[in-house]
Structures are given as C-alpha cells and as structure tokens.
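Observations on the model geometry
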Amino acid sequence: MTHAVPPPLPAPTEIIQFPLDVDINAVVNDIVHDWAESPVLQTGNADEIQANLPKNLPRGGAPMSRVLAEIKSVAGAYRRRNAHPGFFGYVASPGLPTDPLGHAMTAALNQNVVGYPGSPGAAVTERTLIEWFRQLCDFPVGTDGVLLSGGSLANLAALAAALYDTVGEAAVRDGLVAEGHRVPIILAAESVHFSVQRAATVLGIGQNQVRSIAVDDKFRMDSNALEQTLTAAQDRDELPFCVVASAGATTTGAVDPIEAIADLCTRFGIWLHVDAAYGGAGLLATGLRPLFAGIERADSVSMDLHKWFYLAFDGSVLLYRNPDAARRVFFSQSDYVQFDQHGPAEEHMFFHLGPELSRRFRALPAYLAFRYYGADRLGHQVQYNADCVHYLAALIEAEPDLELVSPAVLSICCFRFAPVSMRADTASIDTLNRRIRNALQESGEFFLSPTDIHNRPVLRVCAISHTTQARHMEQLIEFVLASGRELL
Ligand SMILES: Cc1ncc(COP(=O)(O)O)c(C=O)c1O
C-alpha cells in the first residue's frame, strides 16, 4: 500500500525574524538616566496604572513605539529606583552600568544552562565564576557550586544538602520517616533571615524546628547560647543538622562570630551554612574582610549577586565544600536526561547541585562586571559604602537629638530621632519615627524600609548603591532632624 505524498506546506505569511528595528541603547539610557531627578519610589493606584495596559489578550500586534510607551507609562513611571543615591531600604542592588548589556546578551544567546552538553560556553563561564567565588571565600579546591535565583533558593538548597547529608541517603528516596523519630532541627540566630524558616517549611521539617539562638548586644549570634542549645539537643530527641550563621544580618548588618561557630560545628559534627546573601561582597573590601574570619571553614556559603555585588536581579552564588552532599539530593536522571553523577567536565550538570533545571545564563552579567571593573574596584566601592555608613553613625552620635540603635556594621546602621527630654516617652518617640520615615519617603529623596528592633521602629539605613556618597548621609541627617523637629 502506498501513502499519498502530502502537498508542500507553504511558508507562513508572517515570519518572526531578527533584527528588531529599535535602538536598544536609547531605550536603556532613557531608563537609567533619570534616577537623580525622580522620586526614589513612585507608586500609584493599581487601577489607574492598569488603565495604561490592554486587559484583553492582544490578538494583533502593535507598533513598537506604542508598546514602549505603554511600558514607560507603567513600569517606567511607577517604580522604585534602587540606584537612587537616597535609596536606603531593604537590601536591593542598584544594578551596574554593565547590566543592560549583560542581560541583553544573555537573552540574545538564550542558553538553557542545565549543564555543559547543551551550553558548553555558558557552562564554562558559570564554572569560572564559581571558581572566582571559591577563591573569594578561601574554600578548598574541589568546592563546587551553582548560581540560583536568590538567597532564598540558595538557603533552601544548602539546607536540603545539610539535611540529607545528616539523615542519610535513604531519606532521599523514602522521606524523613526513614530516619525514625528524631526531629531534625536548624540552629540560627534570632535575627536570621526568614527564608530559613520558609526553607524549613518546604523541607517538611516545619518552621518551629528552626531554633532561635540569642544574640549579643551587637546583634551577633551568642556562641555560648549556641553551645548550650547544641548540648541540650543531645539529651532530647533532636537531630541538629545545620547551623546557619549570618554574614551579615538583614536588619543590622551584624556578622555572626563565624570562627567560634565553626569550632562548635566541628565539635558537634554539624553542617555550617553561612548566609552571606547580603554581606558577601564585604569579602572584596580589605577593611571588612576580617569580619568574615572562619567563612573558609563553612560547608556552604550563599552570596547574592543582586545585593551588595551591585548586580541587577537576579542571581545568588551557592558554594558547597563537599558537592557530593548536594549531588546526593539533587542528582536525578530521566528518560531524556541521563548523565553520570561524576562525569567529566563535558557532562557537568548544574541541576545536580540545586533544585532548578532550566536556567538562563545568569553568569554572564556577573562575568562582564567582574572582568570589566575588576574585583578590586568593586571592593573599593563596597568599602566606600561601608565608610559612608560609619560616617553616618558618627554624625548620629554627635547629635544629641539622635540615638544610634545599632552600630554601623558592613553598610547598615539603625537610629532614631529621640530628643533627650523625650526619651522616656517611648510611645511618642515610636510614632514620631514612623512619621519621619513616611516623610522621608514622601519627599522622594529618600527611602527607608520599615524595620523594628526589639519591637520598636527604627530608621534603618542600608547603603549599597554605587551612587551614594557621604553628602547624602549629611542630607539624610539634616532631613531627619528638620522633619522630627517640625513634627514635634
Ligand atoms: C541575609 C539574607 N538572606 C537571604 C535573603 C533572601 O534573599 P532573596 O531575596 O534573594 O531570596 C535575604 C534578603 O534580603 C537576606 O538579607
């Protein structure tokens, strides 16, 4: 029996093809060049913003000029300018001038960096970046790592590796029931980032299994309290599987005493994860590096590129001292992906080291920035941010109407407007400081995110923009004093 030959399929009438007739450089410059004159945060009514976008699925295309105008009137107009010199909120990177180029190239290359075979050049680039970060942390040869989307995912992956390394490989197949009735617990300072509790939920051990360790008067984990908790855990049905040390803490910048914590982890045989999502860039600055002593002894370290490394979102470097521990959790094969756990470099698989499979070429913007600026220049910038915040703390201490609540550490410090005659009236001081924070934001010149320390509001400054200078610290103090006195 013969089969009829199908008629030829005609070419489609509308073909999508390169190049796009638009000046990408002009679009980018339009976006990045207005931060100094515009408010730090421009927000608005959601319905009003929505009115600028078509709500119905656009069946037909529109001219690029119109599409760009829509985007400009929504995402361009209503945004927080993280590169504004007065943006001191959260821990959000400003993005580097190299980023639009790096991200455009990432999109143009459009690599799916699952592993080497499908994207050899991208894989080697990412592994080069991992090697640079290994050197930055003084980790041993044999370390491996992976770029993930952010600190939350990096903490999750590290905790997964630590958990299964402790409970044993059988649990990877059979679940935690295989371990019996000992309750796996994580130990971390009370100030640890809440992504650790979220990871505990996802790992199925429960948020309440993150044991809070007290902090000292400088907001660092109290290693004596850690020792007591570890000792007590031995007498209970508990299985401590990871200590998370912060370098530095999101609220205060405090860097936990990593060396002392590493000693305890060695003694008790527990995985040490250092969450350096915010502070990791401090390793680049000679003046800050001593704070991180002991980081080279950790089992895993996470460092967000999109925090103090200044890079545009998103990316986090996760290093494992013993990558096999991660492979035991994340290694998998399927009918269409079959690579060895310990194959040659040409079979390297990033998804054996973390939960993501498809991933964009995250290493490229970071590679571009490190090669173009060099680690030392980035480090000088990091040091300058820290110097600015130390200068701010000195200005605060010199002003009787201000109270320094947490000292300048890395590039964070927290303070309050608190005239001496009013200090006992904490309720009024708290209200006043909330209103000052709102006034700062309404001015469009500054942005501080809401933060409480010991359940009382503070003015928290986190300076991680390459646009911020010492004069912005002086202006902030002037504004706070003027605003506080006026509100009184
Ligand atoms: C210390 C620390 N760890 C983890 C995270 C979570 O990082 P991401 O927002 O990239 O998931 C943050 C975020 O601010 C952080 O400050």
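Just above sits the structure.
Now for a description of the structure that goes with this document. (Residues numbered from 1 in each chain as written. Predicted model: local features only at pLDDT ≥ 70, side-chain atom pairs only at ≥ 80, totals over all residues. Heavy atoms only, no water.)

1. A closer look at the packing of aromatic side chains
Evaluated as defined, the whole model comprises eleven aromatic pairs. Consider the rings of Trp132 and Phe370, whose centres lie 6.2 Å apart with planes at 45°: the pair is tilted. A residue pair is termed long-range when its members are at least 10 positions apart, and Trp132 in helix α5 (residues 120-136) and Phe370 in helix α12 (residues 363-373) qualify at 238 residues. Among the aromatic residues, ring-to-ring pairing joins Trp132, Phe133, Phe309, Tyr367 and Phe370 into one connected group. The residue whose ring lies beneath Arg321 is Phe139, and the NZ or CZ to ring-centre distance is 4.9 Å. (Phe/Tyr/Trp six-rings, centres within 6.5 Å; stacked < 30°, edge-to-face > 60°. Helix = DSSP H or I, 4+ residues; strand = E, 2+ residues; numbered from the N terminus. Lys NZ or Arg CZ within 6 Å of the ring centre and 35° of its normal.)

2. Topic: the packing of α12 against helix α13 (residues 375-397)
Where α12 contacts α13, the axes come no closer than 6 Å and their chain directions differ by 90°. The orientation of α12 relative to α13 falls into the category roughly perpendicular. Here Ala369, Phe370 and Tyr373 of α12 lie close against α13, whose contacting residues are Ala375, Arg377 and Leu378. Residue composition of the contact of α12 with α13, grouped by class: five nonpolar, no polar and one charged. (Axes fitted to C-alpha atoms, helices over the stretch in contact; angles between N-to-C directions. Parallel < 35°, antiparallel > 145°, perpendicular 65-115°, else oblique. Contact = heavy atoms within 4.5 Å. Nonpolar A, V, L, I, M, F, W, Y, C, P; charged D, E, K, R; others polar.)

3. Focus: the pattern of salt bridges
Applying the stated criterion to the full structure yields 22 salt bridges. One salt bridge connects Arg66 with Glu70, and the closest N-O pair in it is separated by 3.8 Å. Of this pair, Arg66 and Glu70 are both found in helix α3 (residues 64-76), four residues apart, which corresponds to roughly one turn of the helix. Judged by relative accessible area, Arg66 falls into the exposed class, the value being 52%. We note a salt bridge from Asp314 to Arg362, for which the minimum N-O separation is 3.3 Å. Placement of Asp314 in the loop between β6 (300-304) and β7 (316-320) and of Arg362 in the loop between α11 (323-330) and α12 is noted, with a sequence separation of 48 residues between them. Take Asp314: its relative accessible area is 28%, and that puts it in the partly exposed class. A residue is classified by how much of its surface remains accessible, and Arg362, at 8% relative accessible area, is buried. One connected set of salt bridges, linked through shared partners, spans Arg127, Asp144, Asp324 and Arg327. (Salt bridge = Lys/Arg side-chain N within 4 Å of Asp/Glu carboxyl O. Buried < 20%, exposed > 50% of the residue type's maximum accessible area, 1.4 Å probe, protein only.)

4. Considering the environment of Leu148
Mapped onto the fold, Leu148 is located in strand β1 (residues 144-148). On the accessibility criterion, Leu148 (1% relative accessible area) is buried. For the pair Leu148 and Asp304, spaced 156 residues apart in the sequence, the C-alpha separation amounts to 9.0 Å. Apart from the residues lying within four places of it in its own chain, the contact partners of Leu148 are Leu153, Ala154, Ala157, Gly315, Ser316, Leu318, Pro355, Glu356 and Arg362.

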